[in-house]
Amino acid sequence: MNFTNFGKYILLLKAAFRRPEKTKIYLKSIFQQMEFIGVGSLGLISIISTFIGAVMTLQIAFQLVSDFIPKTIIGSVNRDSSILELSPTISAIVLAGKIGSAISSEIGTMRVTEQIDALEIMGINAPGYLILPKIIAGITMVPVLVVISMVLSITGGYLGGTLSGAVSAAEYVQGITTDFNPYTITVALVKAFVFGFIITSVPAYEGFYVKGGALEVAQASTRAVVVSCISILACDYIVTQLLL
């Protein structure tokens, strides 16, 4: 059954990436989705990233009890963990809950109210019109949100560490600037690109093939979030294994 679902998912993506009938309409839809995914999620990502960075700094400081380990290591550990893992993965899981459920509900409601059937009768490529703008917006805006999350997470670590007295400002800044490897940002952006694709395409698939009524739409939304989160974690492992 899972292979059947995967096959239907691939065929739906193939239909979604077909050449658009009218580019102007697609562009308008892409910008609307970019605003919904990017601007609409900015506040939530900002709050979560700042607090995660602050908590991480306190936990690292708590675990470094040896006098032989310099406190500058707190900044460098927080920097690398934020860039490589926390910002891409936590942001993606949060966005899967917020955006994934919305996409699945929107397309699922259109399916059960026969709006998708009406589009197909009019000769419009429904998967392309409904799904492609969401995917393009996802792979564009999720990396942007992840970059913002990295900055705020490191800033949150600075604020949390200095305000609590766990680490001085000079030690933290020295830690985040020492031995920095720019390749870690490349790995994080690859993850963000993959996660952005999953967050938009998996819920779109779940919504597109809904059958029934309001209850089935709700079940599809829940399933979309669960499958997206599992897929994000699995791809997180694969990308990390391949690139590091």
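It should be emphasised that the depicted structure is a prediction, and the values quoted were computed from it without experimental measurement.

About the cut-offs
- Residues numbered from 1 in each chain as written.
- Predicted model: local features only at pLDDT ≥ 70, side-chain atom pairs only at ≥ 80, totals over all residues.
- Heavy atoms only, no water.
- Helix = DSSP H or I, 4+ residues; strand = E, 2+ residues; numbered from the N terminus.
- Buried < 20%, exposed > 50% of the residue type's maximum accessible area, 1.4 Å probe, protein only.
- Contact = heavy atoms within 4.5 Å.
- Areas by Shrake-Rupley, 256 points an atom, 1.4 Å probe, with all protein chains shown as cover.
- Lys, Arg positive; Asp, Glu negative; His and termini not counted.
- Charge placed at Lys NZ, Arg CZ, Asp CG, Glu CD.
- pLDDT = per-residue confidence, 0-100.
- 1 Å grid on protein atoms, 1.4 Å probe; cavity = no way out; pocket = protein on both sides within 12 Å on 5 of 7 lines; lining within 4 Å.
- Points joined across faces, edges and corners; volume = space filled by probe spheres on them.
- Nonpolar A, V, L, I, M, F, W, Y, C, P; charged D, E, K, R; others polar.
- Polar contact = N/O pair within 3.5 Å; in protein donor to acceptor, adjacent residues only side chain to side chain.

Caption draft 1: The arrangement of the overall build of the chain in detail. When helices and strands are counted, the chain shows eight helices and zero strands. For the chain, the spread of C-alpha atoms along the principal axes amounts to about 70 × 35 × 30 Å. Buried positions account for 43% of the 244 residues belonging to the chain. Taking the intrachain contacts of the chain between residues at least 6 apart in sequence as the baseline, contacts between residues at least 24 apart amount to 86%. A total of about 12500 Å² of accessible surface is found on the chain, and carbon and sulfur atoms cover 70% of it. A distance of 10 Å separates the average location of the 15 positive side-chain charges in the chain from that of its 14 negative side-chain charges.

Caption draft 2: Highlighting unusual backbone geometry. The residue Glu114 is not glycine, and still its phi comes out positive at about 65°. As for its placement among the helices and strands, Glu114 is situated in the loop between helix H3 (72-112) and helix H4 (115-121).

Caption draft 3: Structural context of the confidence of the model for the chain. Scored by pLDDT, the chain comes out at a mean of 93, with 100% of its residues at no less than 70. When mean pLDDT is taken per element in the chain, helix H7 (residues 183-208) scores highest with 96 and helix H1 (residues 2-16) scores lowest with 91.

Caption draft 4: View of the side chain of Gln33. By secondary structure assignment, the location of Gln33 is in helix H2 (residues 23-63). Residue contacts for Gln33: discarding those within four places in its chain leaves Gly38, Pro133, Lys134 and Ala137.

Caption draft 5: Structural context of the environment of Val217. Checked against the element boundaries, Val217 lands in helix H8 (residues 214-243). Sequence spacing of Val217 and Arg111 is 106 residues, and the spatial spacing of their C-alpha atoms is 9.2 Å.

Caption draft 6: Inspection of the layout of surface pockets at higher detail. Looking at the largest pocket, its volume works out to about 480 Å³. If you go around the largest pocket, you meet 15 residues; those closest to its centre are Asn5, Tyr9, Tyr205, Glu206 and Val227. Among the secondary structure elements, those contributing two or more residues to the lining of the largest pocket are H1, H7 and H8. Broken down by class, the residue content of the lining of the largest pocket amounts to nine nonpolar, three polar and three charged. Estimates place the volume of the second largest pocket at around 160 Å³. Around the second largest pocket, the lining residues are Lys24, Ile25, Lys28, Ser29, Gln32, Gln33, Glu106, Tyr129, Leu130 and Lys134.

Caption draft 7: Here's a closer look at the environment of Glu106. Among the structural elements, Glu106 can be located in helix H3. Among the residues examined, Glu106 registers a relative accessible area of 34% and is labelled partly exposed. With 97 residues separating them along the chain, Glu106 and Pro203 place their C-alpha atoms 9.8 Å apart. At 3.3 Å, the side chain of Glu106 forms a polar contact with the side chain of Lys134.

Caption draft 8: Quick look at empty space enclosed by the protein. According to the stated counting rule, one finds one cavity of 30 Å³ or more in the structure shown. Reported here for the largest cavity is a volume of approximately 50 Å³. Lining the largest cavity are Ile48, Ser49, Ile52, Leu86, Ser87, Ile90, Ser91, Ser149 and Ser153. Mapped by element, the contributors of at least two residues to the lining of the largest cavity are H2, H3 and helix H5 (126-164). Counting residues per element, the lining of the largest cavity draws most heavily on H3, at four residues. Looking at the lining of the largest cavity, its residues break down into four nonpolar, five polar and no charged.

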